[in-house]
Amino acid sequence: MAVPATLSIARKGHKANSATNTRPWRVFVDGEAVATLADRDTASVTVPAGRHTLRVASTSILRSRDLSFDARDGSLLRFSCSPRSPAPIIFTRWLFWLLVTLVRHDLWIELTLDDDVESVTDPRQQTLPAANAATSSSTVTTSPRATLTPEARAIVIANMAAQRHLDGPSVLVVEHLTKRFGNRTAFTDVSFEVGYGEVFGFLGPNGAGKTTTVRTLGTLISPTSGSATIAGIPLLPENGVAIRQKIAIMPESPGLYLRLSVRENLEYFAGLYGLRHPAPRIAEALDAVNLSDRANDLCGGLSKGLRQRVGLARTLLSEPTLMFLDEPTSGLDPVATLEVLNLILALKARGVTIFLTTHRLDEAERLCDRVAIMNTKLRTVGRTEDLREQLFKRSLMVRTLAPLSDAAQLFAHIPSVEEWRVNTDNSYELTVTDPTVAAPEVTRALVGAHADVLSIAESQHSLEDVYLELIADDVEAPTP
Amino acid sequence: MKNLDLPRVVAVVRRELLDYRRKRSIVVSMLIFPVLFLVEPVVAIFVAPPSGSTSSLDNAVILPLLYMLLMAVVTPSTLAAYSIVGEREQGTLEPLLTTPLRQQEFVLGKAAAVMIPSVALAYAVYALFLICVALFAHRDVSAAVFHDGPTLLALFLFAPLVAGWAVVVGMGVSVRATEVRVAQQLGMLASFPVIGVIVLLISGVIQPTFAAALEFGAGLLVADLLALRLVSRLFDRERLVTGSKASGRE
């Protein structure tokens, strides 16, 4: 199996300016946004072997040149990028802006390939080195989306999902967090981590404590016990403003000012996030949610689905490190739901880290890299396919035209079949160790027995099966 | 009030004023009250006997002037009482609290947004009243009004201070109220101290002198600032979002 190459991209400050620039940069591989880079951070991205182009951009018109490179199987390529201008004062920034936009867009950021390290056979065992001595923190930003084809994408996702927890720090670390309202427990002893660039699903029934967890992590309410670190900042009362500057939360109801237009709503929140020149950012956010042509409409005249889109645009304004979406499709009709899901998929493609709470399992399965299932207590955390494997044995479904004359005799002689049962007269469910091994053996046995086989397929357990297995017996948790 | 980010406060004020402008009923109600409060003083001044003694004329002038102070209390108290609980009922409070906005910035922005139109309106009505008196009232009555320096000073000095008091009390109620109607009814309590001062002046317990006006002004300013600080402390994100008091860490 091909081992993807790893790109390590270090963002350095300007050598003449030690001040920290807070605007995050985005990393593009082959034109697709795959990670974000805070100042003096290092992002790690995996790509399939082959020729690719890399670009780092501050805004759509302030970016680096496109740097082409060849990635070999399992190799590690180190890049560094830095601003060409120190831009410490407004005058310099604006002068440089004008010059850059008048001459060339790709002069803003200097991007270089530092070295191409020998192949690494197993990227999961590789520890990313610090980019250089000047790097103040070696935060590793990961994203599973630096691929071109679905096959390559699958490799990258598989690789990064594991690597995220081995190599780099997480954007969100929650340890034994508990929230009680008097005698009522909203959630207790919740621990999990969310990696950079990950879409993390937080599932549970009504009253499970999902919204209270989001509110706690969003500094709206204080935890009773436990700890959390959000974008590297400990969840403490004195860090509330700093944390809220790094995150964005879209509550279940978007909470728009209905007498204000879409643009006015966004301008207001841009002001609250301290954006001095919000117009380009608002235009970008509206564009991202396909609402540019409705910018001057009053929010009161918008449908619920469109209001959700405005809410999403609002969360994009501050380019948050972590975005909390609390049941974003709640109460929407199927068309509006689809629109919102597509928008979340688009955000995912841009490398945005999303914490998605929902009780709609289909959308979690579609959107999330990993899920946590909770009902006051955390039941499990993992990738859906891993959870299926943990909870359910793998099985093959066999359908025949007529009932088998001696099924017990037939299946007993197939080594990879552990047990079997008849579902209906012509349908058999075989519990197997490995479907890829068992399927050919079963096929041969059936043909040898002159059975008229209609189909042999691996039985797929859905996330719903996992969820019901974990939650079904629980009594609904009390709502705070 | 350290680390106060003024642009955020301005953003809150601008949004509030924009919202007032868009809701015609708010503008109409803001205009109706001052007009109603203008009627009684104007009638009182125009029916005041010009041939009376100086002291009886002064008394006839003081009451309507001080009565106009209530205008600076009633309008802002209802608006302030709505300000936070109203956001909660609309569902706009939670998204707002998820931003980096500090509670002091939020409270200050809300207070300023109520104060600015209320005080501007009060001054406009006072000016209108004085113009009417100058143009149409009897010469002796007009002279009595314009020579009543302490009362006029009190009117102009106290208007922002009593409005500030009404705003802060209204917001204090709004922070803790569970629904708008309760908040607006309790917000009317803000006018009680002002009525008390007027009663004391009319009954002669307090003499309307420059010194008294300045002392009361200073006292009100201190009370306003202390109350604003208290309201900022009452502002509990957890209570506002969940309706429950923050339980704190174990």
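The preceding data block contains the structure.
Residues numbered from 1 in each chain as written. Chains lettered and ligands numbered in written order. Predicted model: local features only at pLDDT ≥ 70, side-chain atom pairs only at ≥ 80, totals over all residues.

## Focus: the environment of Thr-178 of chain A
All names here are of chain A. We apply this condition: Strands here mean DSSP runs of E at least two residues long; helices mean DSSP runs of H or I at least four residues long; both are numbered from the N terminus. For the exposure call, what matters is how many other C-beta atoms sit within 10 Å of a residue's own: 20 or more marks it buried, 12 or fewer exposed, and in between partly exposed, using C-beta atoms placed from the backbone. Contact between two residues is assigned whenever their backbone-derived C-beta positions fall within 7 Å.
Within the fold, Thr-178 resides in strand β10 (residues 172–181). Judged by the 19 C-beta atoms lying within 10 Å of it, Thr-178 falls in the partly exposed class. Those residues in contact with Thr-178 that sit more than four places away from it in its chain are Phe-187, Thr-188, Asp-189, Pro-223, Thr-224, Ser-225 and Gly-226.

## Concerning the nonpolar core
Cut-off, in case you're wondering: Only buried Ala, Val, Leu, Ile, Met, Phe, Trp, Tyr and Cys residues enter a nonpolar core, and they are joined through C-beta atoms within 7 Å.
If you look at the biggest cluster of nonpolar residues, it comprises 147 residues, and the most contacted ones within it are Ile-354, Phe-355 and Leu-356 of chain A together with Leu-69, Val-162 and Ala-163 of chain B. The dominant element in this core, judged by the number of residues it contributes, is helix α8 (residues 149–176) of chain B, at 15 residues. Those residues within four positions of Leu-69 of chain B in sequence are excluded, and the remaining contacts are Leu-155, Phe-158, Ala-159, Val-162, Val-194 and Ile-198 of chain B. Of all hydrophobic cores here, the second largest spans 25 residues; its members include Val-34, Leu-37, Val-45 and Cys-81 of chain A.

## Section: unusual backbone geometry
Residue and element names in this part refer to chain A. Notably, His-176 is not glycine yet its phi reads approximately 55°, a positive angle. If you trace the backbone, His-176 turns up in strand β10. According to the C-beta neighbour criterion, His-176 is partly exposed, with 13 such atoms within 10 Å. Of note in this structure, Ala-231 is not a glycine but carries a positive phi near 50°. Here Ala-231 lies in the loop between β13 (225–230) and β14 (233–234). Looking at Ala-231, the number of C-beta atoms within 10 Å reads 19, which means it is partly exposed.

## Here we look at the environment of Thr-212 of chain A
Following the sequence through the fold, Thr-212 of chain A ends up in helix α3 (residues 210–217). Put simply, Thr-212 of chain A and Arg-180 of chain A are 32 residues apart on the chain and 10.0 Å apart in space, counted from C-alpha to C-alpha.

## Concerning the interface of chain A and chain B
Interfaces are often sized by the amount of accessible area the parts lose when they come together. Condition: Amino acid classes used here: Ala, Val, Leu, Ile, Met, Phe, Trp, Tyr, Cys and Pro are nonpolar; Asp, Glu, Lys and Arg are charged; the rest, including Gly, are polar.
Every contact between the two is made by 28 residues of chain A and, on the other side, 29 residues of chain B. Breaking the side of chain A that touches chain B down by element, the ones donating at least two residues are β10, α4 (240–246) and α5 (262–272) of chain A. At five residues, the largest contribution of residues to the side of chain A that touches chain B is made by α5 of chain A. Broken down by class, the residue content of the side of chain A that touches chain B amounts to 13 nonpolar, 10 polar and five charged.

## Description of the pairing of strand β7 (residues 76–83) of chain A
Regular strands place side chains that alternate from one sheet face to the opposite one. All names here are of chain A. Cut-off, in case you're wondering: Pairing between strands requires that DSSP locate at least two bridges from one strand to the other.
The element β7 is largely enclosed, with a buried count of seven among its eight residues. Two strands pair when backbone bridges link them, and strand β1 (residues 5–11) and β7 are joined in this way by six bridges, in the parallel orientation. Counted as the bridge partner of Ile-9 is Phe-79 from β7.

## Description of the sheet that holds strand β3 (residues 32–37) of chain A
Residue and element names in this part refer to chain A. Just so we agree on the cut-off: For helices, the fitted line uses only the C-alpha atoms of the stretch in contact; every axis is such a line through C-alpha atoms, and the angle between N-to-C directions lies from 0 to 180 degrees.
Here we have four strands laid out as an open sheet, ordered β3-β2-β5-β6, and antiparallel in their pairing. Both outer strands of the open sheet, β3 and β6 (67–71), are each paired with one neighbouring strand and no more. Across the sheet, the mean angle from the axis of one strand to that of its neighbour is 30°, orientation sign disregarded.

## Here's the deal with the packing of α5 of chain A against helix α1 (residues 6–22) of chain B
Put simply, the rule is: Roughly parallel means an angle under 35 degrees; roughly antiparallel means over 145; roughly perpendicular covers 65 to 115; every other angle is labelled oblique. A clockwise turn of the near helix away from the far one marks a right-handed crossing, whereas an anticlockwise turn of less than a right angle marks a left-handed crossing.
Contact pair α5 of chain A / α1 of chain B: the axes reach a minimum separation of 8 Å and the direction vectors enclose 160°. The angle between the axes of α5 of chain A and α1 of chain B places the two elements in the roughly antiparallel class. For the pair α5 of chain A and α1 of chain B, the sense of crossing is left-handed. Here α5 of chain A contributes Glu-264, Tyr-268, Gly-271 and Leu-272 of chain A to the contact with α1 of chain B, which in turn contributes Pro-7, Arg-8, Ala-11, Arg-15 and Leu-18 of chain B. Class assignment for the residues of the contact of α5 of chain A with α1 of chain B results in five nonpolar, one polar and three charged.

## Focus on the environment of Ala-349 of chain A
With respect to the element layout, Ala-349 of chain A can be found in helix α8 (residues 334–349). Along the primary structure Ala-349 of chain A and Ala-33 of chain A are separated by 316 residues, whereas in three dimensions their C-alpha atoms are 6.6 Å apart.

## Points about α8 of chain A
All names here are of chain A. Let me state the cut-off plainly: The span you would expect from a helix comes to 1.5 Å times its residue count less one. Throughout, the arc means the angular range of directions from the helix axis out to the C-beta atoms.
Its 16 residues place the ends of α8 22 Å apart at the C-alpha level, agreeing with the 22 Å of an ideal helix rising 1.5 Å per residue. Along α8, the residues that are buried comprise Val-340, Leu-343, Ile-344, Leu-347 and Lys-348. In a view along the axis of α8, the buried residues occupy a sector of 145°, so they form one face of it. Opposite its buried face, α8 presents the exposed residues Pro-334, Val-335 and Asn-342, each directed more than 90 degrees away. Note on α8: the residue one or two positions beyond its end, Gly-351, has a positive phi of about 85°.

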